[in-house]
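The residues making up each chain are set out below.
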Amino acid sequence: MSTERDVDSSAVDMPRRPRQVHLSDLLIYAVLVLAGIAFLLPFYWMVVSSFRPTAQFYQLPIPLFPNPPSLENFETLFARSSFGRGMLNSAFLAVVAVILQVWFCALAGYTFAKLRFRGRDALFIGILTTMMIPLGVGLIPNFIIMARIGWVDTYQALIVPGIANAFGIFWMRQYCLSVPDELLDAARVDGAGEFGIFSRIVLPVIRPALASLAIFVFLSSWNDFL
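Not measured: the values here are computed from a predicted model. (Residues numbered from 1 in each chain as written. Predicted model: local features only at pLDDT ≥ 70, side-chain atom pairs only at ≥ 80, totals over all residues. Heavy atoms only, no water.)

Considerations on the pattern of salt bridges
Logical step 1: Within this structure, the stated rule accounts for 4 salt bridges.
Logical step 2: When salt bridges with common partners are traced through the structure, they connect Asp185, Arg188 and Glu194 into a single cluster. (Salt bridge = Lys/Arg side-chain N within 4 Å of Asp/Glu carboxyl O.)

Written out as structure tokens, the structure reads:
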């Protein structure tokens, strides 16, 4: 025992050798730093250009810093457009789209993954085929439908048609397939209904998929200028 302790103590007391930095490590770090600068440069240029007077955009060489800084662009933005109202509309539509699409896509994904009914696979394939249709193809028919029901220039015209989408349903179905059937059968034996199983058991299990889909939906809705 004493010998083992002496060995352990001597091993602890031995100074650790400094890690040698190889040339390959330096090259990797240099490439990463250059890549980071390349990715940050557009954001830097966007911020700096917002404080640059209009006349400086035509100077050669273009100055790296605004001299002097100006709020002219911001004054023009708020004076000529309803910027605040536009931000409010975008934020409202994005949040509502996240809530509704995540909920209904999760419901549909659970249905296609765990419930058995006639025509389930054919209906799911039909939903997937809609992913091959370009968005612009359905723009005019969608507008005609919204006009006939009196929803032109309303929030519901932008919210209701996108409550559920094929990608979200496919995404949630694939994740719901990983939920063990034995867990659901145990809940049914205890007397839980399908909606209770979905809300109390399935939703907590698929939280990572819900969070990922929420990010996708928010970005898609926020950038949906069309």
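Next comes the rest of the write-up.
Remarks on the packing of aromatic side chains
Logical step 1: Here the structure, examined in full by the defined rule, presents 13 aromatic pairs.
Logical step 2: When the ring of Phe51 is compared with that of Phe74, the centres are 5.3 Å apart and the planes differ by 50 degrees; the resulting orientation is tilted. In this pair, Phe51 sits in the loop between α2 (23-50) and α3 (72-80) while Phe74 sits in helix α3, placing the two residues 23 residues apart along the sequence.
Logical step 3: Assessed through its relative accessible area of 31%, Phe51 is described here as partly exposed.
Logical step 4: With relative accessibility at 30%, the residue Phe74 sits in the partly exposed group.
Logical step 5: Consider the rings of Phe92 and Tyr155, whose centres lie 5.0 Å apart with planes at 65 degrees: the pair is edge-to-face. On the criterion of sequence distance, the pair formed by Phe92 in helix α4 (residues 83-114) and Tyr155 in helix α7 (residues 155-159) is long-range, its members being 63 residues apart.
Logical step 6: You can call Tyr155 partly exposed: its relative accessible area is 31%.
Logical step 7: An aromatic cluster is defined as three or more aromatic residues linked by ring pairs; in this entry it consists of Trp103, Tyr110, Phe195 and Phe198.
Logical step 8: Looking at Arg52, its charged tip hangs above the ring of Trp45, at a distance of 4.8 Å from the centre. (Phe/Tyr/Trp six-rings, centres within 6.5 Å; stacked < 30°, edge-to-face > 60°. Helix = DSSP H or I, 4+ residues; strand = E, 2+ residues; numbered from the N terminus. Buried < 20%, exposed > 50% of the residue type's maximum accessible area, 1.4 Å probe, protein only. Lys NZ or Arg CZ within 6 Å of the ring centre and 35° of its normal.)

Side note on the state of the cysteines
Logical step 1: Enumeration according to the criterion identifies 0 disulfides in this entry.
Logical step 2: There is no disulfide at Cys105, and the cysteine sulfur nearest it, in Cys176, is 11 Å away.
Logical step 3: When its relative accessible area of 0% is taken as the criterion, Cys105 is described as buried. (Disulfide = S-S within 2.5 Å.)

Re unusual backbone geometry
Logical step 1: Here the phi dihedral of Asp153 falls at roughly 65 degrees; this positive angle occurs in a residue that is not glycine.
Logical step 2: Within the secondary structure, Asp153 sits in the loop between α6 (139-148) and α7.
Logical step 3: Classification of Asp153 as exposed rests on a relative accessible area of 79%.

Describing helix α5 (residues 120-129)
Logical step 1: If you check which residues of α5 are buried, you get Arg120, Phe124 and Ile127. Within α5, the buried residues cover an arc of 60 degrees as seen down the axis, which keeps them to one side. The exposed residues of α5 that point more than 90 degrees off its buried face are Ala122 and Ile125.
Logical step 2: Elements in contact with the buried residues of α5: α4 and α8 (166-176). (Arc of directions from axis to C-beta. Contact = heavy atoms within 4.5 Å.)

These figures capture arrangement, not role.
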